[in-house]
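# Summary of structural features
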Amino acid sequence: MSNRLFQGVIHQMKDAIDRTIGVVDETSVVIACSELGRIGEVNESITSDTLSATVPFVINGHTFKSFGSSTRSEYAVFVQGSDEIAQKYAQLLAVSLSSIKQYYDEKYDRSNFIKNVILDNILPGDIYLKARELRFNSDVSRVVMLIKITSKTDVSAFDVVQNLFPDKSKDFVININETDIALVKEIKPGISTKDLEKLAGSIVDTLSTEFYTHCVVGMGTTVTGIKDLAHSFKEAQVALEVGKVFDTERQIVTYDNLGIARLVYQLPTTLCEMFLKEVFKRGSIDSLDQETLFTIQKFFENNLNVSETSRKLFVHRNTLVYRLEKIKKLTGLDLREFEDAIVFKVALMVKKYLTSSPTKY
C-alpha cells in the first residue's frame, strides 16, 4: 500500500522539484522514485541505524530525511544534491509523506480494528488502548447492521454500501465473508429504531432497484462505547437467523422486535423436544393437517376472535367452532382459552425451530 501511495506523491511532485526524488525503505530498497528505472534499486548505505537520524543526512550526493511512525522511522525520502535547497526539499517531502502515511494508516487500521472488535478477535483490555492510539471516539452511540446478500450479481455490494456511507471517520463498512457485510453506523441522539429500519430499508431498496442485488438486513441494538459493538454484531446475526426461521417474508429484522422467537431460539433442542412431548400428550403436532394449521394461524392473527376469524376464512361461525373442538380433542388444548392459546403458539414456533435447525450464535 505504502509503495503505491508514495509513488503517487513523488509523481505529482517531480515537475515542481527539478531534481531526482524518491523514497527508500528500511531494507535499503528504493520503493518510489521520479526516475522509474531506479525503483527496486538497493542502496546498502541506508540501514536501520542511518534511518534513526533525526536531521537530514547526505550519502552519495543525495540528501536524505527519515520519516515513519511516531515510534520509529521506517523510510527516508531522498533528493538529488547536498546543498541547502536539497535539504529543504527533503524536509518538506518528509513532512508531507509522513502526514499522508499517517492518514492512510489510521483509515486502514480503524476499519481493521473495528472488524477485530465485532468478531471478538481482540482482548478487552487492548480495545481501549488501541482506540486511544487511533484517536477513536469511544463515547458515541453506534449500531451494527449485518447485510446478507441472497442473490449474487456482477456488482460488488460492498462497494455500493461503502458509497452509501462515505464518511469513513464515523461509519465503517466491513467485508465479513462472500455474502455478509457489516455496517457499523454512528447514531446521533434521538434516533429511533424506526429511523434505523428506514435506513436499512434504503440499503435494501438501493441494492435491489438499482443493482438487482437482493439482500436481508439484521440489526443489533444501539450501544455506547466500543467493547459492546461485538454484542450488537452478534444480535444482528441472531436477528437474521431467527428471521430466517420465523419471519421469512421480512427483509429487515431487528433484534429488539424478535419477541418470543428470540426466547425459542435460545432454548436447547433437547428442552424443545421435551416441551413438545409434554404439550401434545394425546397426539403429535404432525397429526394436524394444513387446513387446521391455517385455521389456527388465522385465529391467532385475529386475536382469538371467533366471529372475525370465521368472516376472514369465509366459513360459518359454527364450522370454526367445530374445527376448534377438533383441535381440542387432538391436543387437549382449547385455543379459545388465552393460556392454552399461548402454549400452542409457542409449541408451533418450537416445532418450526426444530425443523429448520438454525445456526447458533
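What you see is a predicted model; the values in this text were computed from it and never measured. (Residues numbered from 1 in each chain as written. Predicted model: local features only at pLDDT ≥ 70, side-chain atom pairs only at ≥ 80, totals over all residues. Heavy atoms only, no water.)

Here the focus is the sheet that holds strand β5 (residues 73-80). In spatial order, the strands read β2-β1-β5-β4-β3; together these 5 strands make up an open sheet with antiparallel pairing. Strand pairing shows two members of the sheet lacking a second neighbour, β2 (30-33) and β3 (57-59), which therefore form its edges. Pairs of neighbouring strands in the sheet enclose a mean axial angle of 30°, with direction left out of account. (Pairing = 2+ DSSP bridges. Helix = DSSP H or I, 4+ residues; strand = E, 2+ residues; numbered from the N terminus. Axes fitted to C-alpha atoms, helices over the stretch in contact; angles between N-to-C directions.)

In this section: the UniProt feature "domain: PucR C-terminal helix-turn-helix" (unreviewed entry) in the protein. Residues annotated by UniProt as "domain: PucR C-terminal helix-turn-helix" (unreviewed entry) correspond here to residues 295-349. With 76% helix and 0% strand, the stretch residues 295-349 has end C-alpha atoms that lie 16 Å from each other. (UniProt positions renumbered as here; feature names shortened; annotations may be inferred.)

For the rest of this paragraph, the subject is the UniProt feature "domain: CdaR GGDEF-like" (unreviewed entry) in the protein. According to UniProt, the "domain: CdaR GGDEF-like" (unreviewed entry) feature falls on residues 126-242. Counting secondary structure, residues 126-242 comes out at 42% helix and 24% strand; the distance between its end C-alpha atoms is 32 Å.

This part covers the packing of helix α10 (residues 290-301) against helix α12 (residues 317-331). Close contact between α10 and α12 brings their axes to 11 Å; oriented N to C, the two are set at 110°. Taken together, the axes of α10 and α12 lie roughly perpendicular to each other. For the pair formed by α10 and α12, the contact residues are E291, T292, T295, I296 and F299 on the first element and L320, R323, L324, K326 and I327 on the second. Partitioning the contact of α10 with α12 into residue classes produces 5 nonpolar, 2 polar and 3 charged. (Parallel < 35°, antiparallel > 145°, perpendicular 65-115°, else oblique. Contact = heavy atoms within 4.5 Å. Nonpolar A, V, L, I, M, F, W, Y, C, P; charged D, E, K, R; others polar.)

Right, let's talk about α10 for a bit. Residues spaced three or four apart along an α-helix face the same direction, because each turn holds 3.6 residues. Across its 12 residues, α10 extends 16 Å between first and last C-alpha, which sits within 8% of the 16 Å expected from 1.5 Å per residue. Where α10 is buried, its residues contact α11 (306-313), α12 and α13 (338-356). For α10, the N-terminal cap is D289; the gap from its side-chain oxygen to the backbone nitrogen of E291 is 3.2 Å. Just beyond α10, the residue with positive phi is N303, at close to 55°. (Expected span 1.5 Å × (residues − 1). Polar contact = N/O pair within 3.5 Å; in protein donor to acceptor, adjacent residues only side chain to side chain.)

On to the packing of aromatic side chains, then. In this structure the tally under the stated criterion is 7 aromatic pairs. Between F57 and F64, the ring centres sit 5.5 Å apart and the planes meet at 5°, which makes this aromatic pair stacked. By way of ring pairs, the aromatic residues F6, F67 and Y75 are connected into one cluster. (Phe/Tyr/Trp six-rings, centres within 6.5 Å; stacked < 30°, edge-to-face > 60°.)

Attention shifts here to the packing of α10 against α11. Where α10 contacts α11, the two axes come as close as 9 Å, and the packing angle between them is 125°. When the axes of α10 and α11 are compared, the pair comes out oblique. Crossing angle aside, the handedness with which α10 passes α11 is right-handed. Side by side, α10 and α11 meet where F294, T295, K298 and F299 of the first sit next to V306, T309 and L313 of the second. Along the lines of polarity and charge, the residues of the contact of α10 with α11 split into 4 nonpolar, 2 polar and 1 charged. (Left-handed = near helix turned anticlockwise from the far one by under 90°.)

Moving on, we come to the environment of C272. Locating C272 in the fold gives a position in helix α9 (residues 269-279). Assessed through its relative accessible area of 1%, C272 is described here as buried. Along the backbone, C272 and A261 are 11 residues apart, and their C-alpha atoms lie at a distance of 13 Å. Filtering out sequence-adjacent residues up to four positions away, C272 remains in contact with L267, V350, Y353 and L354. (Buried < 20%, exposed > 50% of the residue type's maximum accessible area, 1.4 Å probe, protein only.)

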